[in-house]
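One-letter residues, chain by chain:
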Amino acid sequence: MKSIARFPAIRSLLSACALALSLQPTAQAAEAPPAEVHLDYAYYSPVSLVLKHFGFLEKALPQTKVSWVLSQGSNRSLEYLNSGGVDFASSASLAAVLSRANGSPIKSVYVYSRAEWTALVVRKDSPYTTVADLKGKKIAATKGTDPYLFTLRSLQQAGLNKDDVELVHLQHPDGRAALEKGDVDAWAGLDPHMAASQVQAGSRLLYRNTDFNSYGVVSVTDRYANEHPHTIDTVLKAYEQAREWAVKNPEELAKLLATESGLPLEVARLQLSRTDLSNPQLTAKDVLASKAAAPILVSEELVRRGVNVDQVIDQLIDTGFKETVARQ
C-alpha cells in the first residue's frame with residue numbers, strides 16, 4: 001500500500017477535515033445561545049440596575065430568555081448561585097471567598113464596583129465613639145456578607161473578638177430598623193440602607209475603613225465557567241456597556257438607583273459618592289487584597305478546618321476574562 005505521505009493533496013485534505021472536526025464543537029457552542037440566563041440585580045450593585053433597566057443583555061442575546069432575581073445581600077446572592085437560582089451572582093468579594101472556602105465551587109469573573117459600602121453605624125444620639133466601646137453590646141450584621149466580615153476585622157483591630165459582643169444576625173434592611181428602634185447598639189451597615197439611615201435618621205458612622213471594604217464581584221459556578229465561556233463573554237460585555245453608561249451619566253444613575261430602591265435622590269447620591277466604578281478587571285492586586293483578609297476567616301473559624309484560604313482565593317479569582325472586559 002502506498003504511503004499517504006506521497007500524496008500531498010490527500011494529506012492536505014485529511015488535515016483540513018481534522019481541523020474542521022476539532023473546531024466544530026467550539027463553533028457550535030459560539031453559535032448556540034443558551035435558552036435562558038438567570039442573573040441577580042441589587043441596590044448595592046448600581047451597574048446591575050443599569051444592565052437590567054436598559055436591557056443590554058436582552059439585546060445581545062435576542063434568542064435567550066433573560067430572568068432577573070433581586071438580591072438583598074451577598075448571602076442571598078450566593079445562595080441563589082449555589083442552588084441554581086441564578087447563573088451570575090453579585091456579591092462582595094470576601095463573601096465569595098467564604099463561600100468557596102466552605103465548599104461552593106464558584107469563580108469570580110468581573111468587578112462591578114469598588115465601593116466604601118459598609119461601616120459600623122450607631123444612632124445619632126449614641127454615646128459610643130470607638131469600636132472598643134461596643135464591648136458587651138449588640139451589633140446587627142448579616143452573616144456571610146461583607147458588613148459581617150468588616151465587623152469581625154474591626155473588632156479584631158480594636159482588640160476584641162466576636163465573643164466580646166452580641167452579634168444579631170439580621171438582613172440589612174432589618175438591621176437598619178433594629179438600630180433606629182434601639183433594639184441594637186450598632187449595625188454593620190450596607191449601602192443604600194446605610195446612606196438612607198444617615199440621611200433620614202441622622203445615624204452616624206462610628207468606624208470607617210476603606211481597606212476593610214472588599215470589592216464587588218460577579219461570580220459563576222465552575223461548571224458554568226467551563227460549559228458556557230461564550231455566554232460569560234457576552235454577559236460581561238453587556239455589563240461593560242452598563243458600567244460605561246453609569247460612569248458617563250452619574251446624575252441619571254443616581255435617579256435610577258433612587259427609583260429602583262424607592263429611596264430619596266439624596267440617599268442615592270450619597271451612596272454613589274463613595275462608589276468607584278472605574279476599574280472592572282480582576283487583577284493580581286485583587287488576589288493580594290483578598291489574601292490580606294484571609295486570616296480573619298481562619299481565626300474566627302468561618303471556614304472549614306484545614307482549608308488553605310490563600311489557595312481558595314487563587315482558585316476563586318479568575319482573571320482569564322479580563323481580556324473580554326478590555327476589548328469592550
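Below is a short write-up of the structure. The structure presented is a predicted model; accordingly, all values stated were derived computationally and were not measured. (Residues numbered from 1 in each chain as written. Predicted model: local features only at pLDDT ≥ 70, side-chain atom pairs only at ≥ 80, totals over all residues. Heavy atoms only, no water.)

### Things to note about the overall build of the chain
Turning to step 1, where the next piece is worked out: Counting secondary structure elements, the chain contains 15 helices and 11 strands.
Turning to step 2, where the next piece is worked out: Going through the 328 residues of the chain one by one, you find that 52% of them count as buried.
Turning to step 3, where the next piece is worked out: Put simply, 78% of the contacts in the chain that link residues at least 6 apart link residues at least 24 apart.
Turning to step 4, where the next piece is worked out: Only carbon and sulfur atoms are counted for the fraction: they give 51% of the accessible area of the chain, which is about 14900 Å². (Helix = DSSP H or I, 4+ residues; strand = E, 2+ residues; numbered from the N terminus. Buried < 20%, exposed > 50% of the residue type's maximum accessible area, 1.4 Å probe, protein only. Contact = heavy atoms within 4.5 Å. Areas by Shrake-Rupley, 256 points an atom, 1.4 Å probe, with all protein chains shown as cover.)

### What about helix 12 (residues 265–273)?
Turning to step 1, where the next piece is worked out: Of the residues making up helix 12, those classed as buried are Val267, Ala268, Gln271 and Leu272. Projected onto a plane normal to the axis of helix 12, the buried residues spread over an arc of 130° and lie on a single side. Structural note: helix 12 exposes Glu266 and Ser273 on the side pointing more than 90 degrees away from its buried face. (Arc of directions from axis to C-beta.)

### Let's talk about empty space enclosed by the protein
Turning to step 1, where the next piece is worked out: Tallied over the full model, the rule gives two cavities of 30 Å³ or more.
Turning to step 2, where the next piece is worked out: Lining of the largest cavity is provided by Tyr43, Tyr44, Ser71, Gln72, Leu190, Asp191, Pro192 and His193.
Turning to step 3, where the next piece is worked out: By volume, the second largest cavity amounts to about 30 Å³.
Turning to step 4, where the next piece is worked out: Residue lining of the second largest cavity: Tyr44, Gly73, Ser74, Ala92, Trp117, Asp146, Pro147 and Leu190, and that is the complete set. (1 Å grid on protein atoms, 1.4 Å probe; cavity = no way out; pocket = protein on both sides within 12 Å on 5 of 7 lines; lining within 4 Å. Points joined across faces, edges and corners; volume = space filled by probe spheres on them.)

### Digging into the nonpolar core
Turning to step 1, where the next piece is worked out: With 89 residues, the main nonpolar core has Leu39, Leu51, Phe88 and Leu297 as its most contacted residues.
Turning to step 2, where the next piece is worked out: In this structure Leu297 touches Val97, Leu98, Leu149, Leu302, Val303 and Val309, once residues within four positions along its chain are discounted.
Turning to step 3, where the next piece is worked out: Residues Ala119, Ala178, Val184 and Met194 belong to the second largest nonpolar core, which totals nine residues. (Core = buried A, V, L, I, M, F, W, Y, C linked by side-chain atoms within 4.5 Å.)

Just distances and angles here, no functional claims.
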